[in-house]
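Understanding the architecture of this molecule
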Amino acid sequence: MRMNGRRVLGALNRRANRLPARAVARVQRAYKESGAEKTYNDAVEALRMPVWPGMRVTPKRYLNYQIVQYQRSKGHTKLHARPLVLTLEATNVCNLKCPFCFTGVGERTRERGMMPMDRYTRLMDELGDYAMLVEFYNWGEPLLNKNIYDMIRMASDRGVSTIISTNFSVPFDEERAEKLIRSGLGMLGAGLDGASQESYEKYRANGDFEKAFGNLRLLAETKRKLGAKTPKIAWSFHAFDHNMHELEKARAMAAEIGVEFSASKGWIEGEEWDDRGVVNFPVRVSAERCRYLWTQAVINNDGMASPCANTFYIEEDFGQVDEAGFMGVWNNRYYQEARRTFNHPNTSEFGKSLICNDCPYTKNWADFEAHLAHGLPKDDFQSQYTTNDWFNYFFQRRHNREQREVPNDAISLQAVDKTTSST
């Protein structure tokens with residue numbers, strides 16, 4: 001009698017738990033004595049699957065994870081697994097005008113709007129049983145989509161972790177707070193870059209600090225009232241030269257209302273600012289194959305798939321998921337050629353035309369490969385690119401555009417003012 005995948009995993013786990021601790025210790029000691037302790041640790045780490053709040057580990061999800069990791073490690077261009085993380089843009093509309101954001105500075109090449117529920121449902125039907133995490137943000141404020149609660153619930157019911165990054169300077173009340181918590185949301189990060197209106201509004205232009213802080217406090221209070229374990233709530237503080245003096249005050253305010261606090265270095269256009277070694281970028285240009293091309297799908301509200309979350313313009317997209325389904329796009333000519341740039345330099349005009357060709361991440365990988373080819377230890381490799389270089393590569397592309405449509409300063413918040421979640 002064949003056991004299904006879940007029973008097999010259960011049986012293996014039970015057997016593993018029965019292994020004598022001394023036998024495991026003996027194996028670890030043998031690796032250590034042979035000088036291969038790192039090999040042992042790397043092997044264990046490779047088998048360990050990350051688990052985010054609200055995520056359910058299933059045989060299908062675990063197997064997909066291992067296939068993705070293997071194909072990325074080998075640089076395969078045609079992928080047999082589905083992406084681990086989905087960036088599904090709930091909307092590209094935002095009520096703020098942040099100066100280092102394409103939307104904030106008025107760039108526009110696609111229609112402003114919300115992701116329709118039918119498109120979202122099709123994507124979840126195709127990818128939801130394999131994905132580990134869904135991000136509902138990209139170039140807009142996700143809480144402006146009146147269907148966001150249903151979108152989160154649909155992912156949560158499939159055992160997918162969910163995360164929202166919000167400026168939280170939007171209409172919000174206890175009813176909305178309860179709906180957000182009951183939706184099963186895994187994580188929420190609120191961008192409050194300061195501890196006063198004067199400091200905060202220098203980046204979060206058009207934002208209301210007291211409203212954002214009040215909404216964050218309300219969500220934390222409602223979570224405690226309901227006795228909920230999720231979402232994990234964090235005050236996300238993007239540090240700049242103009243608000244560094246309020247960092248510790250903001251940290252104390254976060255502790256006072258009972259939310260986590262995360263401070264990271266904010267990127268800016270042009271030369272990187274000196275943080276005096278206090279904060280770090282949330283991500284860095286590391287010596288690895290781009291995670292977006294192998295592990296993370298970015299699908300805009302209009303159904304166009306972008307190569308990564310840093311790209312903005314529609315002409316840089318890789319395909320329309322409504323026409324062929326996501327997997328029909330995931331292995332099309334664009335994606336495969338982009339992945340090929342991590343195996344050897346592009347020689348075709350088509351490959352050179354892709355935004356990935358000159359990306360600092362791609363160039364960094366080429367430098368790393370050259371470093372190894374010279375017989376140098378990989379731990380000695382130093383990137384010549386910073387996260388600020390990476391940001392500028394994408395953000396400064398707007399200067400090459402001749403036609404730009406600047407939206408009105410006032411953006412309607414009608415979508416978020418509706419408390420119903422029907423389509």
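Our structure's up above, just so we're on the same page.
Description of the structure in this document.

Calculation rules
Residues numbered from 1 in each chain as written. Predicted model: local features only at pLDDT ≥ 70, side-chain atom pairs only at ≥ 80, totals over all residues. Heavy atoms only, no water. Helix = DSSP H or I, 4+ residues; strand = E, 2+ residues; numbered from the N terminus. Buried < 20%, exposed > 50% of the residue type's maximum accessible area, 1.4 Å probe, protein only. Contact = heavy atoms within 4.5 Å. Arc of directions from axis to C-beta. Polar contact = N/O pair within 3.5 Å; in protein donor to acceptor, adjacent residues only side chain to side chain. Expected span 1.5 Å × (residues − 1). Pairing = 2+ DSSP bridges.

Points about the overall build of the protein chain
What the protein chain contains, in helices and strands, is 17 helices and 9 strands. Every one of the 423 residues in the protein chain was classed for burial, and the buried ones make up 50%. Considering only residue pairs separated by 6 or more positions, the protein chain has 71% of its internal contacts joining residues 24 or more positions apart.

Things to note about helix α7 (residues 174-182)
Since there are 3.6 residues in each turn of an α-helix, residues three or four apart along the chain are aligned in direction. All of the buried residues along α7 are R176, A177, L180 and I181. Summarising the axial view, the buried residues of α7 lie within an arc of 135°, below the 170-degree limit, and thus occupy one face. With a side-chain oxygen positioned 3.2 Å from the backbone nitrogen of E175, the residue opening α7 is D173. Directly beyond the C-terminal end of α7, a positive phi value near 95° is found at G184.

A short note on helix α15 (residues 360-373)
Helix length check: α15 (14 residues) gives 20 Å between terminal C-alpha atoms against 20 Å at 1.5 Å per residue, within 8%. By the burial criterion, the buried members of α15 are P360, Y361, T362, N364, W365, F368 and H371. The inward-facing, buried residues of α15 abut α16 (387-395). G375 lies just past α15 and shows a positive phi near 75°.

Some words on the sheet that holds strand β1 (residues 85-88)
Strand order in the open sheet formed by 9 strands is β6-β5-β4-β3-β2-β1-β7-β8-β9, with mixed pairing between adjacent strands. Either end of the sheet is taken by a strand with one partner, and the two such strands are β6 (260-265) and β9 (319-320). As paired strands, strand β4 (residues 187-191) and strand β5 (residues 232-239) are joined by 5 bridges and run parallel to one another. The residue bridging M187 from the neighbouring strand is K232, located in β5.

Quick look at the environment of M114
Relative to the assigned elements, M114 resides in the loop between β1 and α5 (117-127). A sequence separation of 26 residues divides M114 from G140, and the C-alpha atoms of the two residues are 9.5 Å apart.

What to know about unusual backbone geometry
At the junction of T230 and P231, the peptide bond is cis and its omega measures out at 5° in the coordinates. Structurally, P231 is set in the loop between α9 (209-226) and β5. Its identity is not glycine, yet F168 carries a phi of approximately 60°, on the positive side. Note that F168 resides in the loop between β3 (161-166) and α7. In the Ramachandran plot, N206 falls in the positive-phi region, its phi being about 80° despite a non-glycine side chain.

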